[in-house]
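Here are the chains, one letter per residue:
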Amino acid sequence: MTDTPSTPSTPSTPVTVIESDVDLGDGHVLHVYDTGDPGTPGVEPLVVVWHHGTPNIGAPPRPLFEAAARLGVRWVSYDRPGYGGSTARPGRDVASAARDVAAVADHLGVGSFAVMGHSGGGTHALAPAALLADRVRGVVSVSPVAPFGASGLDWFAGMAPGGEASLRAAAAGREAKEAHEAAAAQVPEGEVDFGFVPADEGAFSGPWGWFGSVVGPAMAAGPAALIDDDLAYVSDWGFDPADIAAPTLVVHGAADRMVPASHGEWLAGAIPGAELWLQPGDGHISVLRTAEDALTWLARAARA
């Protein structure tokens, strides 16, 4: 897709986000967010479970609230373990997101739903799609990381130096990753190239400056949850993307230097019937200019 994307807008009416906790019964708690049924006249309500990136908390994407209201979408989301109000779970794999989503949906009395995520959230959104096939009605994965060691993919090729160093440290194990994050904390902000392109900087000055409200709280307790995320990306995911049967859209910026577009292309080729929107000139954040269009696609696909 190369059409001019919609521009996210601020909701004309306030959206109330209800927060609650799910006790998993094993000493772990998940912190949950729910915008509730938008009550859009003539439109079947659709729950979309949002999966946040690394490092973010799980608050649902405010730049998409107005589009969601128009489409009859109810956002449900949660802090991944270790972030925000969710209990840490060191050693978790990507597949664990399926168990967590099932617990959240059950807690809210939700049967079936669609999933959507960005960056590492785009990767985690694939887990319920593969492992909860009877409940997932559609998938949008934006700027996702592909499986580590995926056949035919040069996994690190095209990554900016900062991101590559961080993920290579994760691939070397927890001790190396923890040492890397400790050293990175001493480097002045702005001196590490994580891969943002000029289009990304422009996106931060617009509606997607919203990320500032979810990154700070995510890092308030330190890098432990980020470390758990990165270790999960470079380990066995615990599922095969080829097992995803729901309608799937993969969206990636062709200029992305944080997670190169080759990752999204690989996943789109691995997931049966998946569509790929490769956005020329867009980076890791600016690609979200397509997010309203992608949400529209998801609403239609999930209701088909």
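How each quantity is defined
- Residues numbered from 1 in each chain as written.
- Predicted model: local features only at pLDDT ≥ 70, side-chain atom pairs only at ≥ 80, totals over all residues.
- Heavy atoms only, no water.
- Helix = DSSP H or I, 4+ residues; strand = E, 2+ residues; numbered from the N terminus.
- Rg over C-alpha atoms; globule rule 2.2 N^0.38 Å.
- Buried < 20%, exposed > 50% of the residue type's maximum accessible area, 1.4 Å probe, protein only.
- Contact = heavy atoms within 4.5 Å.
- Lys, Arg positive; Asp, Glu negative; His and termini not counted.
- Charge placed at Lys NZ, Arg CZ, Asp CG, Glu CD.
- Phe/Tyr/Trp six-rings, centres within 6.5 Å; stacked < 30°, edge-to-face > 60°.
- Lys NZ or Arg CZ within 6 Å of the ring centre and 35° of its normal.

Caption draft 1: Just the overall build of the protein, in detail. Assigned secondary structure in the protein consists of eleven helices and eight strands. By the compact-globule yardstick of 19 Å for 304 residues, the protein fits well, its C-alpha radius of gyration being 18 Å. Projecting the C-alpha coordinates of the protein onto the three principal axes gives extents of approximately 55 × 45 × 35 Å. By the burial criterion, 55% of the 304 residues in the protein qualify as buried. Taking as baseline every contact in the protein between residues at least 6 positions apart, the subset at least 24 positions apart corresponds to 78%. Each charge sign in the protein was given a centre, from 16 positive and 36 negative side chains, and these centres are 4 Å apart.

Caption draft 2: A look at the packing of aromatic side chains. For the coordinates displayed, the defined rule picks out nine aromatic pairs. Here Trp50 and Trp75 contribute two aromatic rings whose centre-to-centre distance is 6.0 Å and whose plane-to-plane angle is 85°, an arrangement assigned as edge-to-face. Of this pair, Trp50 sits in strand 3 (residues 46-51) while Trp75 sits in strand 4 (residues 73-78), and the two are 25 residues apart along the sequence. Trp75 shares its class with Trp50; the two are buried. Taken together, the ring pairs in this structure connect Phe148, Trp155 and Phe156 into an aromatic cluster. A cation over a ring is seen here: Arg168 above Phe156, with NZ or CZ 3.9 Å from the ring centre.

Caption draft 3: The environment of Ala270, seen in detail. Following the sequence through the fold, Ala270 ends up in helix 10 (residues 261-270). Classification of Ala270 by relative accessible area gives partly exposed; the value is 21%. For the pair formed by Ala270 and Arg74, sequence separation is 196 residues and the distance between their alpha carbons is 29 Å.

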